[in-house]
Amino acid sequence: MKLFPFAIVALLSLPVAASQVEVLHWWTSGGEAKAVEVLKSEWAEQGNQWNDFAVQGGGGKSAMTVLKSRALAANPPEAAHLKGYELHEWASLGFLRDLSPMAEHLGWYPQLSPMVRDTLSQNGALMAVPTGIHRVNWLWLNRKLFERLGLTPPTDWEHFMTVAEQLKAQGVTPLAIGNEPWQLAVLFETVALGEGGKAFYRKAFLEQDSATLTGPDMVRVLTRFQQLRAYVPEKYAGLKWHQATNLLESGGAAMQIMGDWVKGELSAGNYRPGEDIDCLPSPGSQGLFSYNLDSIAMFKQRDPAQLQAQGELARLLMTPRFQEEFNRVKGSIPALTQPDMSKFDRCAIRSYHDFQLAERDGNLLPSMAEGMAVPTNMRQGIMDVLSSFFNDPKANSEQTAQQLERAMRSTRSGAEQK
Ligand code: BGC
């Protein structure tokens with residue numbers, strides 16, 4: 001078709017439509033919200049509009065419920081924070097856009113480490129873009145409190161118990177944690193890593209080996225886990241992970257075992273990670289790195305404008321600048337290879353260093369608690385068993401090991417999805 005000159009002028013003077021995306025996530029604590037601000041402002045800098053779809057609740061359970069209802073109503077958001085098995089389950093159901101054409105065209109693959117690429121791929125197709133790598137097996141401790149009481153940071157679980165007793169005797173809550181099942185799962189997983197070791201962790205959660213799940217090591221891990229019940233805050237029912245972090249900051253509790261989103265919270269409260277609050281590998285897990293890879297997936301769309309907006313967002317997330325600025329605030333480390341770590345805090349530098357060593361030595365372990373190791377329904381089954389066990393002083397470790405094995409076996413059919 002031949003356009004008349006005036007028509008060309010009219011086309012050129014049309015305003016370029018801003019891209020709009022609605023993004024579902026559960027980054028709602030103080031530190032997390034600051035990280036989302038980084039993303040929003042970089043997106044806005046490009047003249048685009050961000051429609052925030054934030055659902056409260058650490059661990060993402062409520063966010064996932066809301067997402068399901070939107071998807072069932074055939075109205076999913078353009079993008080969502082989906083990770084690990086959850087990502088694969090949505091991809092298997094055919095909801096997600098395959099980002100491989102973009103990845104190939106824009107040369108993303110060399111920027112993704114094998115773990116990152118593998119976690120985000122389904123049958124060779126890239127189903128999400130990574131936003132950062134969180135380490136889960138961390139022990140955070142209030143340095144001033146430790147110094148004042150002359151305590152040394154625990155490096156194994158036996159030592160942890162001794163320190164916890166000393167703290168308790170001084171009237172200080174040893175361990176900041178709430179009773180949410182996912183927080184307890186994080187704690188349990190670190191005990192499994194530290195008491196059981198890498199081979200045990202792999203056999204129990206990656207291979208789901210029945211003999212390991214019911215064997216003496218599991219019984220020992222469960223017993224240790226339950227002993228920790230003596231050291232939680234008096235008001236631990238309903239305590240959110242970031243409220244637990246606030247307790248740690250103020251000296252209301254001495255330690256917290258949690259992934260490094262804690263660090264985002266510390267910085268938001270003007271505490272210096274690695275200085276006021278120290279970061280150490282969780283007891284007994286030196287050299288191991290249990291990871292939680294955050295990622296954003298795009299829901300399939302027909303509208304070219306929405307497709308275009310998704311593409312632009314994915315491109316932004318893959319820039320080194322975004323990865324560095326976002327992860328500095330979020331507490332994680334960039335998910336692209338060879339990041340510039342010069343502006344990161346001590347804990348992030350340690351995390352990056354430990355990540356590289358663990359990657360080299362085969363010590364990277366997917367976090368069960370964070371949905372990286374087992375399918376969603378199996379993880380739910382594990383969390384149910386663990387939280388009733390932890391909260392029942394009469395519960396028995398041998399029987400619980402049997403229950404755990406049964407809960408995992410009964411959900412195993414879903415395990416083939418990945
Ligand atoms: C997410 C983190 C988030 C944390 C607490 C985890 O499941 O991967 O990005 O900060 O939950 O909300």
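Before any of the text, the structure's been laid out above.
Description of the structure in this document.

Criteria and thresholds
Residues numbered from 1 in each chain as written. Predicted model: local features only at pLDDT ≥ 70, side-chain atom pairs only at ≥ 80, totals over all residues. Heavy atoms only, no water. Helix = DSSP H or I, 4+ residues; strand = E, 2+ residues; numbered from the N terminus. Rg over C-alpha atoms; globule rule 2.2 N^0.38 Å. Buried < 20%, exposed > 50% of the residue type's maximum accessible area, 1.4 Å probe, protein only. Contact = heavy atoms within 4.5 Å. Near = heavy atom within 4 Å. Polar contact = N/O pair within 3.5 Å; in protein donor to acceptor, adjacent residues only side chain to side chain. Areas by Shrake-Rupley, 256 points an atom, 1.4 Å probe, with all protein chains shown as cover. 1 Å grid on protein atoms, 1.4 Å probe; cavity = no way out; pocket = protein on both sides within 12 Å on 5 of 7 lines; lining within 4 Å. Sits in = over half its atoms within 2 Å of the grid points. Nonpolar A, V, L, I, M, F, W, Y, C, P; charged D, E, K, R; others polar. Points joined across faces, edges and corners; volume = space filled by probe spheres on them. Disulfide = S-S within 2.5 Å. Salt bridge = Lys/Arg side-chain N within 4 Å of Asp/Glu carboxyl O. Pairing = 2+ DSSP bridges. Axes fitted to C-alpha atoms, helices over the stretch in contact; angles between N-to-C directions. Parallel < 35°, antiparallel > 145°, perpendicular 65-115°, else oblique. Left-handed = near helix turned anticlockwise from the far one by under 90°. Expected span 1.5 Å × (residues − 1).

### Remarks on the overall build of the protein
Helix and strand counts for the protein come out as 18 helices and twelve strands. A compact globule built from 418 residues should have a C-alpha radius of gyration of about 22 Å, and the protein, at 22 Å, falls within 12% of that. By principal-axis analysis of the C-alpha atoms, the protein measures approximately 85 × 45 × 40 Å. The burial tally for the protein puts 57% of its 418 residues in the buried class. By sequence separation, contacts in the protein at least 24 residues apart represent 77% of the contacts at least 6 residues apart.

### Comments concerning the site of the ligand
The environment of the ligand is formed by 14 residues, the closest being E32, N292, D294, K330 and E370. Between the ligand and K83, the relevant distance is 2.9 Å, taken from an oxygen atom to a side-chain nitrogen or oxygen of the residue. In this structure, an oxygen atom belonging to the ligand sits 2.9 Å away from a side-chain N or O atom of N292. Protein coverage of the free-state accessible area of the ligand, which is 310 Å², stands at 100%. Comparing atom positions with the cavity grids shows the ligand to sit within the largest cavity. Class assignment for the residues of the shell around the ligand results in four nonpolar, five polar and five charged.

### Some details on the layout of surface pockets
Here the largest pocket defines a volume of roughly 480 Å³. Taken together, 27 residues line the largest pocket, and the ones lying closest to its centre are G59, G60, K61, R379 and Q380. When residues in the lining of the largest pocket are grouped by element, the largest group, five residues, is from helix α3 (residues 61-72). Among the residues making up the lining of the largest pocket, the classes are represented as nine nonpolar, ten polar and eight charged.

### Examining the side chain of T245
Mapped onto the fold, T245 is located in helix α12 (residues 241-250). Among the polar contacts made by the side chain of T245, one reaches the side chain of Q256 at a distance of 2.8 Å. Once you skip the residues sitting within four places of it in the chain, T245 turns out to touch Q256, V262, E265 and L266.

### Looking at the state of the cysteines
Under the counting rule described, the total for this entry stands at one disulfide. Here C279 engages in a disulfide with C347; their sulfurs sit 2.2 Å apart. In this structure, the disulfide formed by C279 and C347 twists by about -100° around the S-S bond and is classed as left-handed. Within this pair, whereas C279 is found in strand β10 (residues 277-281), its partner C347 is found in helix α16 (residues 346-361), the two being separated by 68 residues in sequence. Comparing C279 with C347, the two get one shared label, buried.

### A short note on the pattern of salt bridges
Applying the stated criterion across every chain yields a total of 23 salt bridges. We note a salt bridge from K40 to E37, for which the minimum N-O separation is 3.4 Å. On the criterion of helical spacing, the pair formed by K40 and E37 is a turn pair, its members being three residues apart in helix α2 (residues 30-45). Among the residues examined, E37 registers a relative accessible area of 44% and is labelled partly exposed. Here R321 ties to E45 by a salt bridge, and the two come within 3.3 Å at their closest N and O atoms. With R321 in helix α15 (residues 320-330) and E45 in helix α2, this pair connects stretches of sequence that are 276 residues apart. Given the relative accessible area of 42%, R321 is considered partly exposed. Within this structure, E158, E195, D217, R220 and R224 form a network of salt bridges that share partners.

### Remarks on the pairing of strand β6 (residues 129-135)
Within β6, seven of the seven residues are buried, leaving the element largely enclosed by the surrounding structure. Relative to strand β11 (residues 289-298), β6 runs antiparallel, the two being bridged by six bridges. By the bridge assignment, V129 is partnered in β11 with I296.

### Some remarks on the packing of helix α9 (residues 181-206) against helix α11 (residues 216-227)
Each pair of packed helices can be summarised by the angle the axes make with each other and by the distance between the axes. Running from N to C, α9 and α11 cross one another at 165°; their axes reach a closest spacing of 9 Å. Here α9 lies roughly antiparallel to α11, going by the angle between them. In the crossing of α9 with α11, the sense of the turn from one axis to the other is right-handed. In contact with L184, L187, F188, V191, A192, E195, G196, F200, A204 and F205 of α9, α11 contributes D217, M218, R220, V221, L222, R224 and F225. Classifying every residue of the contact of α9 with α11 gives twelve nonpolar, one polar and four charged.

### Re helix α17 (residues 376-390)
Here α17 is 15 residues long and its end C-alpha atoms lie 21 Å apart, about the 21 Å a rise of 1.5 Å per residue gives. Here α17 has its buried residues at M378, R379, G381, I382, M383, V385, L386, S387, F389 and F390. Buried residues in α17 make contact with α9, α11 and α18 (397-410).

### Some details on empty space enclosed by the protein
Taken as a whole and judged by the stated rule, the model has one cavity of 30 Å³ or more. Of the voids in this model, the largest cavity is the one considered here, and its volume is about 120 Å³. The wall of the largest cavity is formed by 15 residues, among which W26, E32, W261, N292 and E370 lie closest to the centre. Classifying every residue of the lining of the largest cavity gives five nonpolar, five polar and five charged.

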